Amino acid sequence: QKEVEQDPGPLSVPEGAIVSLNCTYSNSAFQYFMWYRQYSRKGPELLMYTYSSGNKEDGRFTAQVDKSSKYISLFIRDSQPSDSATYLCAMIKAAGNKLTFGGGTRVLVKP
Amino acid sequence: GAVVSQHPSRVICKSGTSVKIECRSLDFQATTMFWYRQFPKQSLMLMATSNEGSKATYEQGVEKDKFLINHASLTLSTLTVTSAHPEDSSFYICSAPNRDRGVHEQYFGPGTRLTVT
């Protein structure tokens, strides 16, 4: 079983809809939770990070972490075609520095 | 924001030759850099951790003699794929955490697409 599970999608939504992404994990040692966006043939781009449980908002993006359920989410409001990409969740354990990635979810926002 | 560059962005080489890929942090110092490879429609697979001034740490199953890593300074790490074969064809990406901001802020390079013919 993978340490971090993420639905591969694709997730197709109409423009303007809310995109809801999530990951589950099995190791309670994870302390930092990140979301990356990756366009085709490009390197991942850091969108947001959250430390421990809670919510964090940045513009159209909201990240949520529920450590008791080992579940993290990313919401994208007012989605745009330019949001079409693969979204990767990633986590780091306390006192560690290696990222553990989910498999990525491909998102398609249709105009 | 922090910028990480990679060079070259794309390389085609013949089987048996060696290829060097550079990863640079342009506006911050990185004592550690990470090298990943990514196959189409798959997630990133960590290959090794590059440490400035010391030997790299390789993940299980990664041949250290085939993938040579050198972290020459606080802003440069290189990955050399030695005696490349077609199965080494992949997308290679580096990342670097900004040591002043913490391990959670890791920035990725744009990637290098290696094709071995």
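Everything here concerns the structure above.
What comes next is a walk through the structure. (Residues numbered from 1 in each chain as written. Chains lettered and ligands numbered in written order. Predicted model: local features only at pLDDT ≥ 70, side-chain atom pairs only at ≥ 80, totals over all residues. Heavy atoms only, no water.)

A closer look at the environment of Ile 69 of chain B
All names here are of chain B.
Phase 1: Assignment of secondary structure puts Ile 69 in strand 7 (residues 67-73).
Phase 2: A relative accessible area of 16% places Ile 69 in the buried class.
Phase 3: For the pair Ile 69 and Leu 46, spaced 23 residues apart in the sequence, the C-alpha separation amounts to 13 Å.
Phase 4: Setting aside anything within four residues of it in sequence, one finds Ile 69 in contact with Trp 35, Ala 48, Ser 50, Ala 56, Tyr 58, Ser 77, Thr 78 and Leu 79. (Helix = DSSP H or I, 4+ residues; strand = E, 2+ residues; numbered from the N terminus. Buried < 20%, exposed > 50% of the residue type's maximum accessible area, 1.4 Å probe, protein only. Contact = heavy atoms within 4.5 Å.)

A few points about the side chain of Asn 51 of chain B
Residue and element names in this part refer to chain B.
Phase 1: Secondary-structure assignment places Asn 51 in strand 5 (residues 44-51).
Phase 2: The exposure class of Asn 51 is buried, given its relative accessible area of 18%.
Phase 3: A polar contact is formed between the side chain of Asn 51 and the backbone oxygen of Lys 55, at a distance of 3.3 Å. (Polar contact = N/O pair within 3.5 Å; in protein donor to acceptor, adjacent residues only side chain to side chain.)

What about the state of the cysteines?
Phase 1: On inspection of all chains with the given rule, the structure shows two disulfides over all chains.
Phase 2: Shown here is the disulfide that connects Cys 23 of chain A with Cys 89 of chain A, its sulfur atoms set 2.0 Å apart. The chirality of the disulfide connecting Cys 23 of chain A with Cys 89 of chain A is left-handed, given an S-S dihedral of about -105°. One end of the pair, Cys 23 of chain A, is in strand 3 (residues 19-25); the other, Cys 89 of chain A, is in strand 9 (residues 85-93), and 66 residues separate them in sequence.
Phase 3: A relative accessible area of 0% places Cys 89 of chain A in the buried class.
Phase 4: Residue Cys 23 of chain B pairs covalently with Cys 94 of chain B via a disulfide, S to S 2.0 Å. Here the S-S torsion is close to 80°, and the disulfide linking Cys 23 of chain B with Cys 94 of chain B is therefore right-handed. Of this pair, Cys 23 of chain B sits in strand 3 (residues 19-25) while Cys 94 of chain B sits in strand 9 (residues 90-97), and the two are 71 residues apart along the sequence. Each of the two residues, Cys 23 of chain B as well as Cys 94 of chain B, counts as buried.
Phase 5: Cys 13 of chain B carries a free sulfur, and the closest cysteine sulfur to it, the one in Cys 94 of chain B, is 18 Å from it. (Disulfide = S-S within 2.5 Å.)

Observations concerning the sheet that holds strand 8 (residues 71-76) of chain A
Residues and elements named next belong to chain A.
Phase 1: Pairing is antiparallel in the open sheet, where five strands are placed in the order 1-3-8-7-6. In the strand order of this sheet, the two ends are held by strand 1 (4-6) and strand 6 (54-58), each with one partner. Each strand axis lies, on average, 15° off the axis of its neighbour in the sheet, ignoring direction.
Phase 2: Note that strand 7 (residues 61-66) and strand 8 share six bridges and pair antiparallel. Across the sheet, residue Phe 61 finds its bridge partner in strand 8, namely Ile 76. (Pairing = 2+ DSSP bridges. Axes fitted to C-alpha atoms, helices over the stretch in contact; angles between N-to-C directions.)

Topic: the pattern of salt bridges
All names here are of chain B.
Phase 1: According to the stated counting rule, one finds seven salt bridges over all chains in the structure shown.
Phase 2: Across the salt bridge formed by Glu 22 and Arg 24, the nearest N and O atoms sit 3.5 Å from each other.
Phase 3: Accessibility expressed as a relative area gives 23% for Glu 22, which makes it partly exposed.
Phase 4: Linking Lys 66 and Asp 88 is a salt bridge whose minimum nitrogen-to-oxygen distance equals 2.9 Å. With Lys 66 in the loop between strand 6 (57-58) and strand 7 and Asp 88 in the loop between strand 8 (76-81) and strand 9, this pair connects stretches of sequence that are 22 residues apart.
Phase 5: A residue is classified by how much of its surface remains accessible, and Lys 66, at 12% relative accessible area, is buried.
Phase 6: On the basis of relative accessibility, which here comes to 4%, the residue Asp 88 falls in the buried class. (Salt bridge = Lys/Arg side-chain N within 4 Å of Asp/Glu carboxyl O.)

Observations concerning the environment of Asn 70 of chain B
Residues and elements named next belong to chain B.
Phase 1: Within the secondary structure, Asn 70 sits in strand 7.
Phase 2: Placed 19 residues apart in sequence, Asn 70 and Asn 51 show a C-alpha to C-alpha distance of 8.2 Å.
Phase 3: In this structure Asn 70 touches Ser 50, Leu 76, Ser 77 and Thr 78, once residues within four positions along its chain are discounted.
Phase 4: Within the structure, Asn 70 has its side chain in polar contact with the backbone nitrogen of Ala 72 (distance 3.4 Å).

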